[in-house]
Amino acid sequence: MRQKLHTAVLSACLLTSSILAPVLPSSTAYAATAYTAKVYASSLNVRSEPAASAAVTGTLAGGATVTVTEEQHGWLKVRAGSVSGWVAGYYLKRTSGSSSTSTSSASASSGSTASKAAVKTTAASSGTAVVTASSLRIRSGPGTGYEVVGSLQSGNKVTLLLRQGEWSRIRTAGGTVGWVSSGYLSGGTVRSASTISSNSQTPSVVRKSGSIRGKLIIVDPGHGGTDPGMLGTTYNTMEKDLTLQTSLYLRDYLTAKGARVEMTRTRGDQKPALSQRVQLGRQLGADAFVSIHYNSSPKNVSGTLTFFYSQQNDLRLARAVETRLGEGIGLRSNGLSFGDYHILRENPLPATLVELGFLSNPYDEAIVRKAAYQRKAAQAVAEGVADYFNK
């Protein structure tokens, strides 16, 4: 069974609401855009696999510069000269931006150099459009190279979320979110338009403090599809199922408060890449991003943990959410911690990642499996997000 190796959390035992050392992310393997990082340890073991028990294949000296190519459970795959393998991520600090840019599935399918060109993206209104084709495929991205995630028939009504070139991002009456060819839709209006260049800086978004009404919140259920996340040690509970159900409750609580909500996935078989999850908020001009996870550890630890990356951008949101969790949801709050997660690190929005209990702890797992706990946790997170905008 895979385990999250939250080493910094474990060494600290009980966390307080202060800034702690980086802890390991709760993610499965993801290809990362390569970047350079520096070793912050006197000597760092390089291992054959992303696990503390894996064989040591080399060492890196303190201050060494490495190229990071992949992330997995908080371990980073690196190369430096003839040395290549996995190291614990919290001993590295990123020193540069991307050293190379990955080609998106959309540009790869077009076979062109359009990745450097500006792509016209328009944010659609919440009005509906009607399908005009006898059968219309829903895809996971804006292009025929993306996998099919559903289908529509003539006369079906959908909610328009976004238009990008000849593709529209839609939500079906059943809650499926995906992309369809705009030419097979009629109706729908456009609220605003902006031009996004894939090689340009994301423009800063002006946000007003006050009510959460009308704010757009991205809710990210961790893992999904072929990635189950963590597995419970007592009941074999899959993290991806818990994160999705809790996120659906969170969506409902936020919507009841007047917020608008978009989810990075709405079904168990969906598995958007980390970069796609981050890009969704960027494309829609969202106001905040909340990622829902459940934890695991080889040690007997219990409770929730709330992460931030940027003190300037994320900390206030994370603190507001953690404060509500700490008021009592059935498991204690272990406070705040810095988290060098892709979903936070690469996110231009105020963002937080919340771990809502340890699936490796029989007591926690028995509690978090219950809908009552998931609703309490979701309500606390929603209250925290509302507090963030009202202060």
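Residues numbered from 1 in each chain as written. Predicted model: local features only at pLDDT ≥ 70, side-chain atom pairs only at ≥ 80, totals over all residues. Heavy atoms only, no water.

**Some words on the packing of aromatic side chains**
Right, on to step 1. Going through the model one piece at a time under the given rule, you end up with four aromatic pairs.
Right, on to step 2. Judged by centre distance (6.3 Å) and plane angle (80°), the rings of F308 and F338 are edge-to-face. Highlighted residues: F308 in strand β20 (residues 304–308) and F338 in strand β21 (residues 333–338), separated in sequence by 30 residues.
Right, on to step 3. Residue classification places F338 among the buried residues on the basis of a relative accessible area of 17%.
Right, on to step 4. Plain terms: the ring middles of Y309 and F338 are 5.2 Å apart, the flat faces sit at 35° to each other, and that makes the pair tilted. Of the two residues, Y309 sits in the loop between β20 and α5 (315–325) while F338 sits in strand β21, which places them 29 residues apart along the sequence.
Right, on to step 5. Classification of Y309 as partly exposed rests on a relative accessible area of 27%.
Right, on to step 6. An aromatic cluster is present here, built from F308, Y309 and F338 joined pairwise through their rings. (Phe/Tyr/Trp six-rings, centres within 6.5 Å; stacked < 30°, edge-to-face > 60°. Helix = DSSP H or I, 4+ residues; strand = E, 2+ residues; numbered from the N terminus. Buried < 20%, exposed > 50% of the residue type's maximum accessible area, 1.4 Å probe, protein only.)

**Structural notes on the confidence of the model for the chain**
Right, on to step 1. Mean pLDDT over the chain stands at 77; residues scoring 70 or higher make up 74%.
Right, on to step 2. Taken together, the stretch residues 98–126 has pLDDT below 50 and engages in 60 contacts with residues farther than four places along the chain or on a different chain.
Right, on to step 3. In this model residues 190–209 is a low-confidence stretch, pLDDT under 50, and it forms 36 contacts with partners more than four residues away in sequence or in other chains. (pLDDT = per-residue confidence, 0-100. Contact = heavy atoms within 4.5 Å.)

**Observations regarding unusual backbone geometry**
Right, on to step 1. One non-glycine residue, H223, lies in positive phi territory at about 65°.
Right, on to step 2. Tracing the chain through its elements places H223 in the loop between β17 (216–221) and α3 (239–256).
Right, on to step 3. Accessibility expressed as a relative area gives 2% for H223, which makes it buried.

**Some thoughts on the side chain of T264**
Right, on to step 1. Following the sequence through the fold, T264 ends up in the loop between β18 (260–263) and α4 (274–284).
Right, on to step 2. At 2.6 Å, the side chain of T264 forms a polar contact with the side chain of D220.
Right, on to step 3. If sequence neighbours within four positions are ignored, T264 has contacts with I218, V219, D220, P221, P272, R277, L280 and F289. (Polar contact = N/O pair within 3.5 Å; in protein donor to acceptor, adjacent residues only side chain to side chain.)

**What to know about α4**
Right, on to step 1. Along α4, the residues classified as buried are L274, R277, V278, L280, G281, Q283 and L284.
Right, on to step 2. Looking one or two residues beyond α4, the residue adopting positive phi is G285, at roughly 65°.

**Considering the packing of α5 against helix α8 (residues 371–390)**
Right, on to step 1. Two numbers describe how α5 lies on α8: the axes approach to 7 Å, and their chain directions differ by 140°. Between α5 and α8, the angle falls in the class oblique. For the element pair α5 and α8, the recorded crossing hand is right-handed. Residues R316, L317, A320, V321, R324 and L325 of α5 form the contact with α8, whose participating residues are A377, A380, V381, E383, G384, V385, D387 and Y388.
Right, on to step 2. Residues belonging to the contact of α5 with α8 are distributed by class as follows: nine nonpolar, one polar and four charged. (Axes fitted to C-alpha atoms, helices over the stretch in contact; angles between N-to-C directions. Parallel < 35°, antiparallel > 145°, perpendicular 65-115°, else oblique. Left-handed = near helix turned anticlockwise from the far one by under 90°. Nonpolar A, V, L, I, M, F, W, Y, C, P; charged D, E, K, R; others polar.)

**Comments concerning the nonpolar core**
Right, on to step 1. Grouped together as the largest cluster of nonpolar side chains are 38 residues, with contacts concentrated most on I217, L250, L254, Y373 and V385.
Right, on to step 2. Secondary structure elements with two or more residues in this core: β17, α3, β18, β19 (288–295), α5, β22 (351–358), α7 (362–368) and α8.
Right, on to step 3. Those residues in contact with V385 that lie beyond four places of it in its chain are I212, I217, L254, V290, L317 and V321. (Core = buried A, V, L, I, M, F, W, Y, C linked by side-chain atoms within 4.5 Å.)

**So, the side chain of Q270**
Right, on to step 1. Tracing the chain through its elements places Q270 in the loop between β18 and α4.
Right, on to step 2. When its relative accessible area of 9% is taken as the criterion, Q270 is described as buried.
Right, on to step 3. Only 2.7 Å separates the side chain of Q270 from the backbone nitrogen of T266, close enough to count as a polar contact.
Right, on to step 4. Other than its neighbours up to four places away in sequence, Q270 contacts V177, H223, G224, G225 and R265.

**Quick look at α3**
Residues three or four positions apart in an α-helix share a direction because the helix packs 3.6 residues into each turn.
Right, on to step 1. Helix length check: α3 (18 residues) gives 26 Å between terminal C-alpha atoms against 26 Å at 1.5 Å per residue, within 8%.
Right, on to step 2. Along α3, the residues classified as buried are E239, K240, L242, T243, L244, T246, S247, L248, Y249, L250 and L254.
Right, on to step 3. Considering only its buried residues, α3 is in contact with β17, β18, β19, β22, α7 and α8.
Right, on to step 4. Taken from the residues just after α3, G258 is the one with a positive phi, measuring 100°. (Expected span 1.5 Å × (residues − 1).)

**Focus: the sheet that holds β22**
Right, on to step 1. Taken together, six strands build an open sheet; the order of strands is β18-β17-β19-β22-β20-β21 and the sheet is mixed. Each having just a single partner strand, β18 and β21 make up the two edges of the open sheet. The average angle at which neighbouring strand axes cross in this sheet is 20°, direction not considered.
Right, on to step 2. In the sheet, β17 pairs with β18 via four bridges, with the strands oriented parallel. What sits directly across from I218, in β18, is E262.
Right, on to step 3. Taken strand by strand, α4 contacts β17, β18 and β19, and its axis lies near 170° from that of β17.
Right, on to step 4. Where α8 meets the sheet, it contacts β17, β19, β20 and β22, and its direction lies at approximately 150° from that of β19. (Pairing = 2+ DSSP bridges.)

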